[in-house]
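Okay, here's what each chain looks like letter by letter:
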Amino acid sequence: MTRALILGGIADANVLAAEIVRAGIDAVYSYGGRTRVPADQPLPTRIGGFGGVSGLAGYIKRERITHVIDATHPFAAEMSRHAIEACAETGTPLIALERAPWSKTPGDIWIEVSDVNAAAAALPEAPANVFLAIGRQHIAPFAAKPQHAYTLRFVDPPEAPLPFAADVIVSRGPFTFEGELEMLRTRGIAWIVARNSGGDGAHAKIDAARRLGLPVIMISRPQLPERLRVESVAEVMEWLDHRTCLGA
Ligand SMILES: NC(=O)c1ccc[n+]([C@@H]2O[C@H](COP(=O)([O-])OP(=O)(O)OC[C@H]3O[C@@H](n4cnc5c(N)ncnc54)[C@H](OP(=O)(O)O)[C@@H]3O)[C@@H](O)[C@H]2O)c1
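K.L.:
Hey, could you run me through the packing of aromatic side chains in this one?
P.N.:
The relation between two aromatic rings is expressed through the spacing of the ring centres and the mutual angle of the planes. Per the counting criterion, the structure on display carries 4 aromatic pairs. Directly above the ring of tyrosine 59 sits arginine 46, whose terminal nitrogen or CZ lies 5.3 Å from the centroid. Between the NZ or CZ atom of arginine 153 and the centre of the ring of phenylalanine 175, over which it lies, the distance is 3.6 Å.

K.L.:
In this structure, what is going on with the pairing of strand E8 (residues 149-154)? I would like to understand it.
P.N.:
The side chains of a regular strand alternate between the sheet's two faces. Buried residues dominate E8, accounting for 5 of its 6 residues. Both strand E7 (residues 129-133) and E8 contribute to a ladder of 4 bridges, which runs parallel. Its bridge partner being in E8, leucine 132 is matched across the sheet by leucine 152. Sheet topology note: the E8/strand E9 (residues 166-170) ladder contains 5 bridges and is parallel. By the bridge assignment for E9, arginine 153 is matched with isoleucine 169.

K.L.:
Is there a simple way to explain the pattern of salt bridges in this structure?
P.N.:
Two side chains that carry opposite charge are able to pair once their charged atoms sit near each other. Inspection of the entire model under this criterion finds 13 salt bridges. Residue arginine 221 pairs with glutamate 98 through a salt bridge whose shortest N-O separation is 3.4 Å. Of this pair, arginine 221 sits in the loop between strand E11 (215-219) and strand E12 (229-230) while glutamate 98 sits in the loop between strand E5 (94-97) and strand E6 (109-113), and the two are 123 residues apart along the sequence. In the salt-bridge network here, residues are joined through shared partners; they are Asp70, Glu98, Arg221, Arg227, Arg229 and Glu231.

K.L.:
Looking at this model, I keep getting lost on the domain arrangement of the chain. Mind explaining?
P.N.:
Accessible area lost during the coming together of the parts is what is often quoted as the interface size. What the domain assignment lists for the chain is domain 1 (3-99 + 224-239) and domain 2 (109-219). Taking the mean C-alpha position of each, domain 1 and domain 2 sit 28 Å from one another. Across the contact, 9 residues belong to domain 1 and 12 residues belong to domain 2. Each partner contributes to the roughly 890 Å² buried at the junction of domain 1 and domain 2, and carbon and sulfur atoms together form 47% of this total.

K.L.:
Help me out: how do you make sense of helix H5 (residues 177-186) in this one?
P.N.:
In an α-helix, one turn spans 3.6 residues, which is why side chains three or four residues apart end up on the same side. Within H5 the residues assigned to the buried category are Glu180, Leu181, Met183 and Leu184. Buried residues of H5, viewed axially, fall in a sector of 165 degrees; they line one side. Exposed side chains of H5 directed beyond 90 degrees from the buried face belong to Glu178, Arg185 and Thr186. Residues of H5 that are buried sit in contact with E7, E8, E9, strand E10 (191-195) and helix H6 (204-212). A positive backbone phi angle near 60 degrees is found at glycine 188, which sits one or two residues after H5.

K.L.:
Whenever I open this one, the side chain of serine 80 confuses me. Can you help?
P.N.:
Among the secondary structure elements, serine 80 is positioned in helix H3 (residues 77-90). A distance of 3.3 Å separates the side chain of serine 80 from the side chain of threonine 72, its partner in a polar contact.

K.L.:
Any chance you could explain the site of the ligand here in plain terms?
P.N.:
Contacts to the ligand come from 21 residues, most closely from Ser30, Arg34, Phe50, Met79 and Arg195. Here an oxygen atom of the ligand sits 3.1 Å away from a polar atom, N or O, in the main chain of glycine 52. In the complex, the protein chains occlude 81% of the 800 Å² of accessible area that the ligand would expose alone. Looking at the shell around the ligand, the elements with two or more residues in it are strand E2 (26-31) and H3. Here the element with the most residues in the shell around the ligand is H3; it accounts for 4 residues. A class-by-class count of the residues in the shell around the ligand yields 6 nonpolar, 11 polar and 4 charged.

Rules of the game
Residues numbered from 1 in each chain as written. Predicted model: local features only at pLDDT ≥ 70, side-chain atom pairs only at ≥ 80, totals over all residues. Heavy atoms only, no water. Phe/Tyr/Trp six-rings, centres within 6.5 Å; stacked < 30°, edge-to-face > 60°. Lys NZ or Arg CZ within 6 Å of the ring centre and 35° of its normal. Buried < 20%, exposed > 50% of the residue type's maximum accessible area, 1.4 Å probe, protein only. Helix = DSSP H or I, 4+ residues; strand = E, 2+ residues; numbered from the N terminus. Pairing = 2+ DSSP bridges. Salt bridge = Lys/Arg side-chain N within 4 Å of Asp/Glu carboxyl O. Domains from an automatic or database assignment. Contact = heavy atoms within 4.5 Å. Buried area = accessible area lost by both parts, 1.4 Å probe. Arc of directions from axis to C-beta. Polar contact = N/O pair within 3.5 Å; in protein donor to acceptor, adjacent residues only side chain to side chain. Near = heavy atom within 4 Å. Areas by Shrake-Rupley, 256 points an atom, 1.4 Å probe, with all protein chains shown as cover. Nonpolar A, V, L, I, M, F, W, Y, C, P; charged D, E, K, R; others polar.

If you want it as structure tokens, here you go:
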């Protein structure tokens, strides 16, 4: 009997959870536990790390998981690597639900870098207003460039002091093009640092940057070993061998 494990993180994971419930499939939804109030979804949940590859492999066996769906954020590479290894070890089919990365379009001024340290190094030396559109766990390298005035945006208010002074916006996306234009203009932002997350929800800031002619330091996705990857909930449902009820 099918019993799926969804490794959650992206908004589509919640859409998938609803489809799985609608299809009558037994499943568990796992949260990493980074955000305080996970968005609503209807499946039974578990929260927090498994304890590495062996912890996840043990969970898969104990809970009789037959299918694993990696619907974590494209930058949550450690969890994805662990899922690949634990599924190989236990012989459990794995699929990743991952939207395509954004591509540069005419008018975009992107400086593409491989990681957050390279992003900090790519900022100019002259003081500027910088919007860091990255998670709080990744901001430390920017302390090396304290001359800039940073704006940060988080889903939850920061619990611990930040490694440098910054203006913090607390807000959960998705954000609109008009809203992002307004935010960038009123704060006089001259540089944006973003990660190539893909999807529509986070793209408004990139569109707004193009409109304003602002440079974006774009951090590429971490490299992962080869795995089965699809971009839509419908394809995951097909993989699970059930017809999706999307739009029904
Ligand atoms: N990275 C981001 O920018 C970002 C953005 C939006 C949402 N998220 C979500 O936030 C969570 C944590 O992200 P991260 O970047 O810290 O991930 P990560 O670096 O890949 O994972 C670090 C550790 O957190 C635990 N973990 C991560 N996702 C989990 C999940 N869905 N269920 C159970 N344990 C999980 C695992 O611990 P063990 O090794 O102990 O199993 C993993 O090794 C993920 O669910 C991710 O999708 C991340």
